[in-house]
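# A closer look at the structure
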Amino acid sequence: QLWNLRTARERRASQAMLARWLVLVALARSARGYAGLQGVRVARVGRPGATVDLGEELRAAATSQPALCILGTYAADFNCVEYAQRVAHYLPKLRERNVGRVLFVVNGKPEAATALAELVNLPADVELFADPGGVAGRAFGVSRGWRPDDAELSSYVKLFAMLFGLGAWATLPAVIGGYLGNPFVPQPWIESALAQGQRAGRWPNTALVLDEATGAVVENKFAALPLVGGWPRRPLELATLRLQNMLDISIRNWQALRPEDGHLRVLTQLGGCVVLGADGVPLYEHRDPGICAVCNFESLLSQLERKSARKL
């Protein structure tokens, strides 16, 4: 019995030590992520020649209310396009959660960031920054992808390998999930992005029925699917949007959105985001674990709501 008591105490002590270690690791990672942006200069899109210290800009943005900073990928990338589409949809909800300024960093030249914003109809109050070499993302601690230091291997070959999960473990689950759907977690941004794509003439263009006068969604044909039409995220819905994005955003506009020849290593670099609180402490952080595995803004909003409730 004494032995069992001692074993139980040792087990509790080990669990407590592990919990403290995990907390310290999380705090160190958060501090490194935000602190790493200090001193990283990026170009402010729309103001030729103007650069800012991203860390200082984010801190200033969060002086009176939380600010969101997205560390995007190159402009033609699935992840960057989806970040832009999600922000376009969720911006009103972010405002409801008291998020003020939204900073969006694109790993490309300013013209690429502007082209992407125009293609997805990104709201004008989302502030764009250009970082051709992806320095800010690496300083934040995003994944650099598969074999990032192998200078002999083509970045395009590395990117192709990442589509199968190498150096980006969540890629295949994220892609397959786009076909299977999800009966639990709603993703209303998908319908918004599909509608914006159809209004812009992108294909596939038959998923939704739009009002001819207003462009509003009259019918979502995925809702008519038997058994699964009532799911919050229906099967094939997200896969259809990604096909639309690939064909009529990424491929059709490749020359305008592609990374610069001198910075092709950003082809394999993933993205992330951080919401910085008014006290300078991150309220939410995310680093993409794969291609198509970007931040779930429903989780982001829930986290902000929980942290806001704790302060009341």
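Below you will find a few notes about this structure.

A few words on the nonpolar core. Counting 62 residues, the largest nonpolar core has Leu68, Phe104, Leu122, Phe297 and Leu300 as the members making the most contacts within it. With eight residues, the top contributor of residues to this core is helix H3 (residues 78-96). Residues contacting Leu300, with those up to four places away along its chain left out, are Leu68, Leu94, Cys273, Val275, Tyr284 and Cys295. Listed in part, the 20 residues of the second largest apolar core include Val40, Ala61, Leu71 and Val274.

Tracing the backbone through its elements, the reader meets Gln196 in helix H8 (residues 189-199). In this structure Gln196 comes out as buried when scored by relative accessible area, which is 13%. A distance of 3.0 Å separates the side chain of Gln196 from the backbone oxygen of Leu119, its partner in a polar contact. Those residues within four positions of Gln196 in sequence are excluded, and the remaining contacts are Leu119, Val120, Asn121 and Arg202.

The element strand E3 (residues 67-71) is extensively covered by neighbouring structure, given that five of its five residues are classed as buried. Burial along E3 is two-sided: the residues Ala67, Cys69 and Leu71 and Leu68 and Ile70 are all buried. Relative to strand E8 (residues 272-276), E3 runs antiparallel, the two sharing five bridges. Looking across to E8, one finds that Leu71 is bridged to Gly272. Relative to strand E4 (residues 102-106), E3 runs parallel, the two sharing four bridges. Residue pairing across strands places Ile70 opposite Phe104, the latter belonging to E4. Each parallel crossover has a hand, and the one from E3 via H3 to E4 is right-handed.

Cut-offs used in this document
Residues numbered from 1 in each chain as written. Predicted model: local features only at pLDDT ≥ 70, side-chain atom pairs only at ≥ 80, totals over all residues. Heavy atoms only, no water. Core = buried A, V, L, I, M, F, W, Y, C linked by side-chain atoms within 4.5 Å. Buried < 20%, exposed > 50% of the residue type's maximum accessible area, 1.4 Å probe, protein only. Helix = DSSP H or I, 4+ residues; strand = E, 2+ residues; numbered from the N terminus. Contact = heavy atoms within 4.5 Å. Polar contact = N/O pair within 3.5 Å; in protein donor to acceptor, adjacent residues only side chain to side chain. Pairing = 2+ DSSP bridges. Right-handed = clockwise from strand over helix to strand, strands pointing away.

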